[in-house]
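Remarks on the overall topology
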Amino acid sequence: MTDSEARPRVRMTGKERREQLLDVGRALFAEKGFEVTSIEEVAARAGVSKPVVYEHFGGKEGLYAVVVDRAMRSLLDAVISALTGNNPRALVEQATLALLTYIEEETDGFRILVRDSPVATSTGTFSSLLNDIASQVEYVLRQEFSARHFNADLAGMYSQMLVGMVALTGQWWLEVRQPSREEVAAHLVNLGWNGLRGLVAEPTLELGS
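Keep in mind the model is a prediction, meaning the values are calculated, not measured.

A word on the packing of aromatic side chains. Evaluation of the coordinates by the stated rule reveals 7 aromatic pairs. Centroid distance Phe 110 to Phe 126: 5.9 Å. Interplanar angle 85°. Geometry classified as edge-to-face. Of this pair, Phe 110 sits in helix H7 (residues 107-113) while Phe 126 sits in helix H8 (residues 126-147), and the two are 16 residues apart along the sequence. Seen from their ring centres, Phe 145 and Tyr 158 are 5.3 Å apart, and the 75° between their planes marks the pair as edge-to-face. Of the two residues, Phe 145 is situated in helix H8 and Tyr 158 in helix H9 (residues 155-176); the sequence distance between them amounts to 13 residues. Classification of Phe 145 as buried rests on a relative accessible area of 11%. A relative accessible area of 37% places Tyr 158 in the partly exposed class.

Mapped onto this structure's residue numbering, the UniProt feature "DNA-binding region" (unreviewed entry) falls at residues 38-57. For residues 38-57, the helix share is 80%, the strand share is 0%, and the end-to-end C-alpha distance is 13 Å.

Once that is clear, we can look at the environment of Leu 130. With respect to the secondary-structure elements, Leu 130 resides in helix H8. When near neighbours in sequence (up to four residues on either side) are disregarded, Leu 130 contacts Val 163 and Ala 167.

Where helix H3 (residues 39-46) meets helix H4 (residues 50-57), the closest approach of the two axes is 8 Å, and the angle between their N-to-C directions is 105°. Considered as vectors, H3 and H4 are oriented roughly perpendicular to each other. Contact residues: Ile 39, Glu 40, Val 42 and Ala 43 in H3; Lys 50, Val 53 and Tyr 54 in H4. Within the contact of H3 with H4, the residues separate by chemical class into 5 nonpolar, no polar and 2 charged.

Across the junction of Gln 178 and Pro 179, the peptide omega takes the value 0°, indicating a cis bond. Turning to its location among the elements, Pro 179 is positioned in the loop between H9 and helix H10 (181-194). Of note in the backbone geometry, His 149 takes a positive phi value of approximately 60° without being a glycine. Structurally, the position occupied by His 149 is in the loop between H8 and H9.

Glancing now at empty space enclosed by the protein. Counted under the stated rule, the structure contains 1 cavity of 30 Å³ or more. Of the volumes computed, that of the largest cavity is approximately 220 Å³. In terms of lining residues, the largest cavity is bounded by 18 residues, among which Ala 95, Thr 96, Val 137, Val 163 and Val 166 are the most central. Within the residue set of the lining of the largest cavity, elements represented by two or more residues are helix H6 (88-105), H8, H9 and H10. Top element by residues in the lining of the largest cavity is H6. It accounts for 5 residues.

Cut-offs and rules
Residues numbered from 1 in each chain as written. Predicted model: local features only at pLDDT ≥ 70, side-chain atom pairs only at ≥ 80, totals over all residues. Heavy atoms only, no water. Phe/Tyr/Trp six-rings, centres within 6.5 Å; stacked < 30°, edge-to-face > 60°. Helix = DSSP H or I, 4+ residues; strand = E, 2+ residues; numbered from the N terminus. Buried < 20%, exposed > 50% of the residue type's maximum accessible area, 1.4 Å probe, protein only. UniProt positions renumbered as here; feature names shortened; annotations may be inferred. Contact = heavy atoms within 4.5 Å. Axes fitted to C-alpha atoms, helices over the stretch in contact; angles between N-to-C directions. Parallel < 35°, antiparallel > 145°, perpendicular 65-115°, else oblique. Nonpolar A, V, L, I, M, F, W, Y, C, P; charged D, E, K, R; others polar. 1 Å grid on protein atoms, 1.4 Å probe; cavity = no way out; pocket = protein on both sides within 12 Å on 5 of 7 lines; lining within 4 Å. Points joined across faces, edges and corners; volume = space filled by probe spheres on them.

Rendered as structure tokens:
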């Protein structure tokens, strides 16, 4: 008798099976992309038949849409929850670190998000997600601009600049993974906070200081 014959198959609940399929689908979509990934591969890697996948998601498009929606909500929640406190620089640091932390800990999710999605999702696109984050950053910048007697109406444009800079750097860092996320965040904040003219030679984060 083989080991597989000796061990009874553990039966999953419907919820457990759905979560398993989402995990498998996320890994395959990140690895191969939407077009190349097939329902057959998802089913084979999960150890189920194709009808089980169809039963839960109605097809590859349905599975992909749920994977993308979850990834987008997770990233948005991570960044917005980091925007707490009253110190403007600390808020920029926290939001930057939150994005880089998501990239490091949820690599598959971010890899899927930065690809052009061929499937409509309830949470929109990666661009719309960045706009949502920028709107949160705009609120912070508007207060800071007003306090410094700058034109607060420009806060929206500056928030797009900051978020775009961090997001594009995050896509680069997704592949190279060096230097550390803290060092990358420190240099991003250095550029965003001090500007090119005010750059310091060895920037550090002020969190916790």
